[in-house]
Amino acid sequence: MPTIVVEVMPTAELLDPAGKAVAGALARLGHTSVTNVRIGKRFELTVEGPVTAATLADARKIAEDILSNQVIEDVIGVYEAPVAGADA
C-alpha cells in the first residue's frame, strides 16, 4: 500500500527551543559549520489504491486541519513516499 508523507515545521517567526538546544550541542561537539537547527514533525499516511492528485489534496487538507496547528506551524510537504529499493 502506498504511503503519503506529511512534513510540518514551526513557522519561521517562532522560537524553536528544541532546535536551539540541538544546535548548541552540535557546536559543543565541534560541528561548528551548523549554525541553526529547526525541529519539525513527519507523518506517514498509508492509503488504499494509487496516490492521485485528489489523494494528495485530501492528505493536505488532513494535514492542515488535524496534523498541524496552523497558528504556529506550516505544512511544508505532502508527497508520496518513494518505494524502498526502487532505485536499486
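Structure shown above.
Conventions we followed
Residues numbered from 1 in each chain as written. Predicted model: local features only at pLDDT ≥ 70, side-chain atom pairs only at ≥ 80, totals over all residues. Heavy atoms only, no water. Helix = DSSP H or I, 4+ residues; strand = E, 2+ residues; numbered from the N terminus. Buried < 20%, exposed > 50% of the residue type's maximum accessible area, 1.4 Å probe, protein only. Contact = heavy atoms within 4.5 Å. Pairing = 2+ DSSP bridges. Axes fitted to C-alpha atoms, helices over the stretch in contact; angles between N-to-C directions. Salt bridge = Lys/Arg side-chain N within 4 Å of Asp/Glu carboxyl O. Expected span 1.5 Å × (residues − 1). Patch = residues over 30% accessible without salt bridge, like charges linked within 9 Å, V, L, I, M, F, W, Y side chains within 5 Å. Areas by Shrake-Rupley, 256 points an atom, 1.4 Å probe, with all protein chains shown as cover.

**Quick notes on the side chain of threonine 11**
If you trace the backbone, threonine 11 turns up in the loop between β1 (3–10) and α1 (17–28). Here threonine 11 falls in the buried class, since its relative accessible area comes to 8%. Apart from residues lying up to four places away in sequence, threonine 11 is in contact with Arg38, Val71, Ile72, Glu73 and Asp74.

**Focus: the sheet that holds strand β2 (residues 41–46)**
A sheet is described by the order of its strands in space; here three strands give the open sequence β2-β1-β3, paired in antiparallel fashion. Looking at the sheet topology across the chains shown, the edges are occupied by β2 and β3 (73–80). The mean angle between the axes of side-by-side strands here comes to 20°, regardless of whether they run parallel or antiparallel. Bridging between β1 and β3 involves seven bridges; their strand directions are antiparallel. Residue pairing across strands places valine 6 opposite valine 78, the latter belonging to β3. Along the sheet, helix α2 (residues 53–67) contacts β1, β2 and β3; its crossing angle with β3, the most-contacted strand, is approximately 155°.

**Comments concerning the pattern of salt bridges**
Tallied over the full model, the rule gives four salt bridges. One salt bridge in this structure joins glutamate 64 and arginine 60, with 3.7 Å as the shortest N-O distance. Taken together, the residues glutamate 64 and arginine 60, both in helix α2 and four residues apart, mark about one turn of the helix. Exposure remark for glutamate 64: the relative accessible area of 31% places this residue in the partly exposed category. On the basis of relative accessibility, which here comes to 31%, the residue arginine 60 falls in the partly exposed class. We note a salt bridge from aspartate 65 to lysine 61, for which the minimum N-O separation is 2.7 Å. With a gap of four residues between them, aspartate 65 and lysine 61 both fall in helix α2, about one helical turn apart.

**Observations regarding α1**
Taking 1.5 Å of rise per residue, the twelve residues of α1 would be expected to cover 16 Å, and the 17 Å separating its terminal C-alpha atoms lies within 8% of that figure. One or two residues past the end of α1 sits glycine 30, with phi positive at roughly 95°.

**Notes on a nonpolar patch on the surface**
On the surface, Leu14, Val71 and Ile72 cluster together into a nonpolar patch covering about 260 Å² of accessible area. Topologically, valine 71 is positioned in the loop between α2 and β3. By relative accessible area, which is 71% here, valine 71 ends up exposed.

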